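# Observations on chain architecture
Take a look at the letters that make up each chain.
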Amino acid sequence: IFLDGWYKISQKDYSGAQVSFEKALAVKDNAEKTLSHAGLAQLFEIQKQPQKAIIAWQSLLQEDPTQIAAYGAWLRQMQELKRAKEAVTFLSDLEKKTDKWQPSLVLAQVLALQGQFSDAVKHVDIALERSANSMDVKQVAADLYMKHGLNLRSQQKLAEAKIIMLKALNFFPSNMLILANVI
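As the structure is a prediction and not an experimental result, all values here were calculated from the model.

Here the focus is the packing of helix α5 (residues 68-80) against helix α6 (residues 84-97). Direction vectors running N to C along α5 and α6 enclose 150°, while the axes themselves pass 10 Å from each other. Contacts from Tyr 71, Trp 74, Leu 75 and Met 78 in α5 reach Glu 86, Ala 87, Phe 90, Leu 91 and Leu 94 in α6. Grouping the constituent residues of the contact of α5 with α6 by class yields 8 nonpolar, no polar and 1 charged.

Written as structure tokens, this is what we have:
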């Protein structure tokens with residue numbers, strides 16, 4: 001049924017597409033539920049209905065928090081509506097409801113963008129633990145720790161900055177950029 005929704009989007013039959021996606025979501029034990037949520041979200045984006053798109057993206061993320069691409073689309077809509085605080089709340093709640101690393105990583109990145117580095121590294125540490133130190137998460141963690149260290153250094157908190165930068169260096173000991181900032 002969800003394929004019918006995608007086809008109808010391509011035919012610009014938006015009301016028909018919405019009906020198809022909603023029917024697919026109503027099917028019990030639907031294995032393609034995330035695809036149906038994504039279809040609805042993209043349909044609402046096409047129709048310039050960001051509030052409805054946000055709800056659809058959030059439904060998808062609650063259904064499957066591992067869908068990393070959905071976070072980007074959802075965050076674009078949240079930023080468009082200037083709802084950064086609500087984004088943090090949603091991600092915090094999602095982080096508590098799951099043992100997946102993706103909500104923690106995205107939350108850490110959102111907090112870092114807001115300049116909340118000490119909170120960001122707490123959540124990136126959760127992502128590291130949950131991901132069993134995956135290389136992708138380690139790269140983001142090193143970047144966040146380095147940014148946190150640079151922020152502390154700009155505030156003349158040199159001892160704290162060095163400790164944080166050393167944590168970043170721990171992830172990638174041969175990274176010359178991190179090493180140069182530690183020195």
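With respect to the element layout, Asp 93 can be found in helix α6. Given a relative accessible area of 35%, Asp 93 falls into the partly exposed group. Taking the C-alpha atoms as reference, Asp 93 lies 14 Å from Asp 64; in sequence the two are 29 residues apart.

This part is about the packing of aromatic side chains. Counted under the stated rule, the structure contains 3 aromatic pairs. Taken together, a centroid distance of 5.5 Å and an interplanar angle of 80° make the contact between Trp 6 and Phe 21 edge-to-face. Of this pair, Trp 6 sits in helix α1 (residues 2-10) while Phe 21 sits in helix α2 (residues 14-26), and the two are 15 residues apart along the sequence. By relative accessible area, Trp 6 is classed as partly exposed at 27%. The class for Phe 21 is buried, based on a relative accessible area of 0%. Seen from their ring centres, Trp 74 and Phe 90 are 5.1 Å apart, and the 50° between their planes marks the pair as tilted.

Parameters at a glance
- Residues numbered from 1 in each chain as written.
- Predicted model: local features only at pLDDT ≥ 70, side-chain atom pairs only at ≥ 80, totals over all residues.
- Heavy atoms only, no water.
- Axes fitted to C-alpha atoms, helices over the stretch in contact; angles between N-to-C directions.
- Helix = DSSP H or I, 4+ residues; strand = E, 2+ residues; numbered from the N terminus.
- Contact = heavy atoms within 4.5 Å.
- Nonpolar A, V, L, I, M, F, W, Y, C, P; charged D, E, K, R; others polar.
- Buried < 20%, exposed > 50% of the residue type's maximum accessible area, 1.4 Å probe, protein only.
- Phe/Tyr/Trp six-rings, centres within 6.5 Å; stacked < 30°, edge-to-face > 60°.

Shape is all these values report; function is a separate question.
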